[in-house]
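Working through the structure, step by step
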Amino acid sequence: MIRALLAIAAGIAVAFGGIALFQSLGHQLYPPPEGLDPADPEAFAEIVAQMPVGALLMVLLAYALGTFCGAWVAARIAGRPFPALLVGGVMMLAGISNLAVIPHPLWFMVLSVLVFVPSAWLASRVAGVHSS
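Calculation rules
- Residues numbered from 1 in each chain as written.
- Predicted model: local features only at pLDDT ≥ 70, side-chain atom pairs only at ≥ 80, totals over all residues.
- Heavy atoms only, no water.
- Patch = residues over 30% accessible without salt bridge, like charges linked within 9 Å, V, L, I, M, F, W, Y side chains within 5 Å.
- Areas by Shrake-Rupley, 256 points an atom, 1.4 Å probe, with all protein chains shown as cover.
- Salt bridge = Lys/Arg side-chain N within 4 Å of Asp/Glu carboxyl O.
- Helix = DSSP H or I, 4+ residues; strand = E, 2+ residues; numbered from the N terminus.
- Buried < 20%, exposed > 50% of the residue type's maximum accessible area, 1.4 Å probe, protein only.
- Core = buried A, V, L, I, M, F, W, Y, C linked by side-chain atoms within 4.5 Å.
- Contact = heavy atoms within 4.5 Å.

What follows is about a nonpolar patch on the surface. On the surface, Val-53, Leu-57, Trp-107 and Leu-111 cluster together into a nonpolar patch covering about 340 Å² of accessible area. Among the elements of the structure, α3 (53-78) and α5 (106-126) are those that each provide at least two residues to the nonpolar patch. Given a relative accessible area of 43%, Leu-57 falls into the partly exposed group.

What follows concerns the nonpolar core. Counting residues in each nonpolar core, the largest one holds 21 residues, and the members touching the most others are Ile-19, Tyr-63, Val-87, Met-91, Phe-108, Val-115 and Phe-116. Where this core is concerned, the elements lending two or more residues are α1 (2-29), α2 (41-50), α3, α4 (82-101) and α5. A total of seven residues in this core trace back to one element, the largest contributor, which is α3. Apart from residues lying up to four places away in sequence, Tyr-63 is in contact with Ile-19, Gln-23, Asn-98, Phe-108, Ser-112, Val-115 and Phe-116. Listed in part, the seven residues of the second largest apolar core include Ala-71, Ala-84, Ala-123 and Ala-127.

Listed below in structure tokens is the structure:
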């Protein structure tokens, strides 16, 4: 039980860190405007409305890759797939809370909600763990 909880905590930490890392790489291709305050939801929403599709796709890729990495870590530590899927669920809830605060295009909202759990499932498969 403790191993599973540690796996989930480590997986969530890696997933958030991975998403931040991959988003920072996306910012190299699509730099945010200077002076943008991420703590100001209204200003942030205005910027999101003007973002090119490629920039939003980079965010989705960051969600998928970060979640994959965190779920893989959780699966490897726990030795079973459920913690990886739980990491995917937690990341999906975090993504939904972000969507509730900052408006995004409808297509992005749909895809972002759908990307987390499949990424976690794939990570559990790649990790080579099986239900026991």
